[in-house]
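Remarks on the overall topology
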Amino acid sequence: MNGSENVSTAQQQFNNPDIPISEWFQRAEAGDPEAQCHLGICYYNGENGIEKDLEKAVRWFDCAARKGYAEAQNRLGVRYDRGEWVDENPAAAFKWFSAAAAQGHVKAMCNLGRCYLNGRGVNEDEKQAVIWFQKAVQEGYADAQYLLGVCYYNGFGVEQNYRHAVDLFSKAAQQNHAGAQYLLGVCYLLGNGVKEDKLQAIALFQQSSAQGNDDAQNSLGNCYYEGIGVEQNYKLAVNWFQKAAEQGNIDAQCSLGECYYYGNGVVEDEPKAIALFQMAAEQGNAGAQYFLGECYYYGRGTVEDNGQAIAWFRKAAEQGHADAQCLLGECYYYGYGVAVDKAQAVTWFQKGAEQGNAHAQGFLGNCYLYGCGAEVDDAQAVNWLQKGAEQEDPLAQFNLAICYKNGYGVEKNPEISIKWFQRAAEQEFAPAQCQLGKLYYFGDIVPKDDILAFGWFSKSAEQENSVAQCWVGKCYYFGNGVSQDWAEARRWFEKSKQNGNENAEWWLNLLATSNQSLLCKPAHACKLSDKLTIFAHLLENQDRLAIYNLVYYQSITDKKRIKIVKNFDERINTEEVFCFMDTTLMGSLKNGIVFSLHGVYFREMMEKAIYFNYADIDFIQVIADKKSKEDQFKARIKFFLTDGKVLQLSDTTCFRKNALANIIDCLQCADKTWNSTGGHRNSGTVFESGLTEEQQKSCNAIIHGASVAAGGIGTGFAQLPVIDTAVITPIQIAMITSLGAVFGIRVTEGMAKGIITSLGAAVVGRGVSQVLLGWIPGLGNAINTATAAGITEAIGWAAVKHFCALEADTRAKYRVVGMQAGYEAASDEYEAKLRNQAEIFKNQTTLAQKDIDGLKNLIREYEEYITALTAANNTENVAKVQQLQADCNELKKLGVS
C-alpha cells in the first residue's frame, strides 16, 4: 500500500501568486527548505511555468528533507515507497515517514501506520499501525479514518468491531474518500455493523466508482450480474467489470472472463475468456484459476488438457476454492490427468463438502456409501448425501434414494426413495432416469407401468447411458411399453455395446438366434410347455457360455433329474429346470442352486432349500477367483433380494458372469410379463449371516484356505497313538480358532476340538461318525481328499453360523469359561478317545520324553473338557465329570512318577 501526500493541499499552500517563481528559486538555492520543497512539488506536477521533471523533484525533496522539513520528508518517503525516479526502497521510505511523523506530520503518521500494517521497511506490527492511525485520526485525516476502519473491520491490531469500522468509514466517506465509500457499501450490503441496506450499498458503490475505485466498480458489476439491490443487467455488469479490469483489478478480470465464457452481456467468446482468466490466474486469483482449469478440463476454447486442468485446479483448491476442490477430487477419483487415487479424491471432496459445495457433498456421500477411498460408513454417507440432495445435486439425490430404498444408514422408506429418484431424474441425471425405468418395469415400489418405464429408459439412453440403452433394446425385443421391433432392439443393443456395456453383446447374440414368432404377445398367455419352448429358444446356442457344471435342461438326464429332486427337500418339477449347479459330498451332503422356469431353489451346504422368484432379485454379485480370465469365473454367487436378504452360495463353480446375469434378466422380464409368480412358497431357511463385509472376507479366506489344505493332504492320515499327530487336526483347529477371532471369541485348542466334534456330528450325522473319528488324534480313520475338503468347508460355515447366533452374554462366557455348547454336545467318541489314550499311558512301564509331552497334552485336554462341563451347570454331567476327574488324577500321578 503506497504512501499518500495529498498534492492538492500542498499546491494550495505554496501557490502564492504574489511571489514570482524566480524568488522561490532564489530562496531554495539559499537553502530555504520550504522553498526547496515547493520547487520539488512544481517539478513533480509540472506547474507554475516549470516543466515536469521527476529527477529534479526528488533532488529538491531530498535537500529539504535533510534539513528536517517534514512535508519534504513525507514526500521523499512516498517516492521511495513507490519507486518513483529512485529505486523502490521500503526501508528508506520508513525512515523518512518516521522523521516526519515525529514532527506531527499527519500524512506521515498515516503512512508510517501503513508501513507497520504491511511490514514494509519494518517488521509487521499491527498494534503499532493502529497507534499511528489513531494519532492521524485525531487530526480528522480521511486516509487514517479509512485505514483505522479497515483494522477494526478485520481485527488487525484491535478486537474486531464492525460498528467502530462503520463509524470510521462514514467519517472518511463524508470527506469523499473513495475507499471508505466502497467499504461502507460492503458493510451495508452484508449488514456488518449496520442494518443491511442493499440500496444504500449500491449508492455508495456508485459514489466510489465515480471516483475510479476499481473495487467498487467490480462490486457494482457483481450487483448487476447477480441482481443484488438492482435489477439484473448483464450489460451494465460487463460495463463495470470492464472499467475495473482495465485498472488491473484481478477479481474483475475473472468476472469479465466469466461473462465472455457464458455469453452473459456480451457475445460468447471463449478465447477472450481464457485470456482474461489467464491474466487473473497468473496473479493468484483462485476463481480465475478454477475457470482456467475448467477450460482445459472440458476443452472449452482450448485443447482438452487434463494435466493443465489439474495444475490450475490444485492452485485454486489450495486457496480454498470449493468448486476447484470438488473437480480436483473428480480428477483423482477417475484418473483424469493423474493416477487414480480414491483416498486423495475423498480428501478434496471433504474440503469442498465442508464449504457447502453440493456436488462435493454428493461425491463424498457416494465414497462413504460404496467404500471408495474411505471405509464404508452408511451414517456418514446419508449425512453428506442429504446435504447435497437438499442443494439439488443429482448424484446426491440418486444415492440418497438408494439408501432409502435399501435401508442403508436410514430406515427403508419407498416413498422417500421414489421422491429422490424423481428429483434426480428431472434434472436429467441419466442413472436416476434408468433406475426409475427399472422400478416401473418391474413394479418395484411403484405400480408397474411399461410405458413409463420405456419413457424413462429412453430419456436416459438419449444421454448415452449404456445400461439404459440396453434396457431400451430389451423393451423393443419383448415389446414392453412399445411396439415390438427387433430392428430397433438391435440398434439400441449396438449403441449400448459401443458405449462399453458388456451385456449388450449377449443380447445381440441372443437376437441373432431368436425366432420372433415365439415371443409375440399371444405367447405370454400360453401354457407351460410352450413357455418352456420359448426359453429353450432364448437359451439356444448359449450353452457355449456354460463351463463345468452349468447344465441346461435339454441335456438333463433322468438320473440327474432324480438327483436334483433327491438333493433338495422341496419337490421340483424338473420339466421346468433349465440349469443347475450342484455338488454332492459323501452321498448325503447337498449344496447348490437350481434354476427353473418359475424361480430359483437355493440350498446352502447342509441347509434346507429356499425358493424365490426372479422378480425378487434386486441384483446378483459375483465374487470371482483372482485367477479368473476374461469373463470366465471360478466364483461364488451372491443374491441380493428385494426384501433385503442376502443369500450366498459358498461353494465355487465355473461359469461366465454375463451369461447368468442376462438369463436372470430374461427371467425377470418373464416373471412380470407372464405373471407366473403365484404358488411359490418357502420350504426352509438359508444362512443369512449378517456379517460385515470385512467379516465375510475374513471368513471366506479362512474357510477356503482350510478346505484346500485339508483336501491337499490326500488319503491315509497318520495314526500314531498317544501323540496328537493326525495331520488334519491342526488344520481344523487353526480354522476354528481363527474364525472365533473374527467374532472376538478366544477359542482354545481343546475348545476347537469340541466344536469340530459336535458340529461335525450335527452336519454330517451319526452315520458318518467313523469319519469324524479320523479327525481325532489317536483314532485316525482315513478319509479321501474330496470328503476332507468338503466337510472342512461345511464345518467352517457351520461354525460361522454358530458364532453369529451367539448373544453378547454368551460370547462373554466363551471368553471366560470356554466352549460350553461344543463340549456339552460332544460325541461319545471324543470321550472314548480321551479314555483310550489314558489307558495307553497307564499300560506303559516307562515314558520317553515324547511320551511325557503327550501325557501333558492329554492332561490339559482332560482339564479343559472338565472345566467346560462343570461351567455348564448341568446335573446330568456330574457323574461324567467325577469319572473324568478321577482319570485325570491318575494321569497326573503317572507324570509325577
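Residues numbered from 1 in each chain as written. Predicted model: local features only at pLDDT ≥ 70, side-chain atom pairs only at ≥ 80, totals over all residues. Heavy atoms only, no water.

1. A short note on the overall build of the chain
Helix and strand counts for the chain stand at 42 helices and eight strands. Buried residues in the chain amount to 52% of all 897 residues. Summarising the internal contacts of the chain: among those between residues at least 6 apart in sequence, 55% fall at separations of at least 24. Summing over all exposed atoms, the chain offers an accessible surface of approximately 39300 Å²; the carbon and sulfur share of this is 48%. (Helix = DSSP H or I, 4+ residues; strand = E, 2+ residues; numbered from the N terminus. Buried < 20%, exposed > 50% of the residue type's maximum accessible area, 1.4 Å probe, protein only. Contact = heavy atoms within 4.5 Å. Areas by Shrake-Rupley, 256 points an atom, 1.4 Å probe, with all protein chains shown as cover.)

2. Notes on the pattern of salt bridges
Pairing of side chains with opposite charge becomes possible as their charged atoms draw close. Tallied over the full model, the rule gives 18 salt bridges. Between Lys892 and Glu863 there is a salt bridge; the shortest N-O distance is 3.1 Å. Of this pair, Lys892 sits in helix H42 (residues 878-896) while Glu863 sits in helix H41 (residues 849-871), and the two are 29 residues apart along the sequence. Within this structure, Arg27, Asp32 and Glu34 form a network of salt bridges that share partners. (Salt bridge = Lys/Arg side-chain N within 4 Å of Asp/Glu carboxyl O.)

3. Some words on the packing of aromatic side chains
The geometry of two aromatic rings is summed up by the distance between their centres and the angle between their planes. The full count for this structure, using the stated rule, is 31 aromatic pairs. Centre to centre, the rings of Phe25 and Tyr43 are 6.4 Å apart; their planes meet at 80°, and the pair counts as edge-to-face. Of this pair, Phe25 sits in helix H2 (residues 21-29) while Tyr43 sits in helix H3 (residues 33-45), and the two are 18 residues apart along the sequence. Between the aromatic rings of Tyr333 and Tyr334, the centroid separation amounts to 5.0 Å while the plane-to-plane angle is 80°, which identifies the pairing as edge-to-face. (Phe/Tyr/Trp six-rings, centres within 6.5 Å; stacked < 30°, edge-to-face > 60°.)

4. Here we look at the pairing of strand E5 (residues 610-613)
Along E5, one buried face is formed by Ile610 and Phe612 and the opposite face, lined by Tyr611 and Asn613, is buried too. In terms of strand pairing, strand E4 (residues 599-603) meets E5 through four bridges, oriented antiparallel. Paired with Gly599 across the bridge in E5 is Asn613. (Pairing = 2+ DSSP bridges.)

5. A few points about the environment of Val376
Structurally, Val376 is set in the loop between helix H21 (358-370) and helix H22 (378-390). Val376 sits 10 residues away from Asn366 along the chain, and the two C-alpha atoms are 9.7 Å apart.

6. Some thoughts on the environment of Gln211
With respect to the helices and strands, Gln211 occurs in the loop between helix H12 (198-210) and helix H13 (214-226). For the pair Gln211 and Ala178, spaced 33 residues apart in the sequence, the C-alpha separation amounts to 6.3 Å. Leave out the neighbours within four places in its chain, and Gln211 touches Asn176, His177, Ala178 and Gln181.

7. Remarks on the environment of Gly155
With respect to the helices and strands, the residue Gly155 is situated in the loop between helix H9 (142-154) and helix H10 (162-174). In this structure, the C-alpha to C-alpha distance between Gly155 and Ala165, residues 10 residues apart in sequence, is 9.9 Å. If sequence neighbours within four positions are ignored, Gly155 has contacts with Glu126 and Gln160.

8. Here's the deal with the confidence of the model for the chain
Looking at the chain, pLDDT values average 79 and 69% of them are 70 or higher. Overall, residues 540-554 carries pLDDT values under 50, and its contacts beyond four positions in sequence, including any with other chains, amount to 38 contacts. In this model residues 812-827 is a low-confidence stretch, pLDDT under 50, and it forms 42 contacts with partners more than four residues away in sequence or in other chains. (pLDDT = per-residue confidence, 0-100.)

9. Looking at the packing of H12 against H13
Packing of H12 against H13 leaves a shortest axis separation of 8 Å and a crossing angle of 140°. In terms of their interaxial angle, H12 and H13 are classed as oblique. As H12 packs across H13, the resulting crossing turns out to be left-handed. Together, Ile202, Phe205, Gln206, Ser208 and Ser209 of H12 and Ala216, Gln217, Ser219, Leu220, Cys223 and Tyr224 of H13 make up the contact between the two elements. (Axes fitted to C-alpha atoms, helices over the stretch in contact; angles between N-to-C directions. Parallel < 35°, antiparallel > 145°, perpendicular 65-115°, else oblique. Left-handed = near helix turned anticlockwise from the far one by under 90°.)

10. Examining unusual backbone geometry
Within the chain, Glu428 stands out as a residue other than glycine whose phi angle is a positive 65°. With respect to the helices and strands, the residue Glu428 is situated in the loop between helix H24 (414-426) and helix H25 (430-442). Judged by relative accessible area, Glu428 falls into the partly exposed class, the value being 44%. Within the chain, Glu464 stands out as a residue other than glycine whose phi angle is a positive 70°. Tracing the sequence through the fold places Glu464 in the loop between helix H26 (450-462) and helix H27 (466-478). Take Glu464: its relative accessible area is 42%, and that puts it in the partly exposed class.

11. Considerations on the packing of helix H19 (residues 322-334) against helix H20 (residues 342-354)
Close contact between H19 and H20 brings their axes to 8 Å; oriented N to C, the two are set at 165°. Relative to H20, H19 is oriented roughly antiparallel. Like other packed secondary-structure pairs, H19 and H20 cross with a definite hand, here left-handed. Residues Ala322, Gln325, Cys326, Leu328, Gly329, Glu330, Tyr332 and Tyr333 of H19 lie in contact with H20, whose contacting residues are Lys342, Gln344, Ala345, Trp348, Phe349, Lys351 and Gly352. For the contact of H19 with H20, a count of residues per class yields eight nonpolar, four polar and three charged. (Nonpolar A, V, L, I, M, F, W, Y, C, P; charged D, E, K, R; others polar.)

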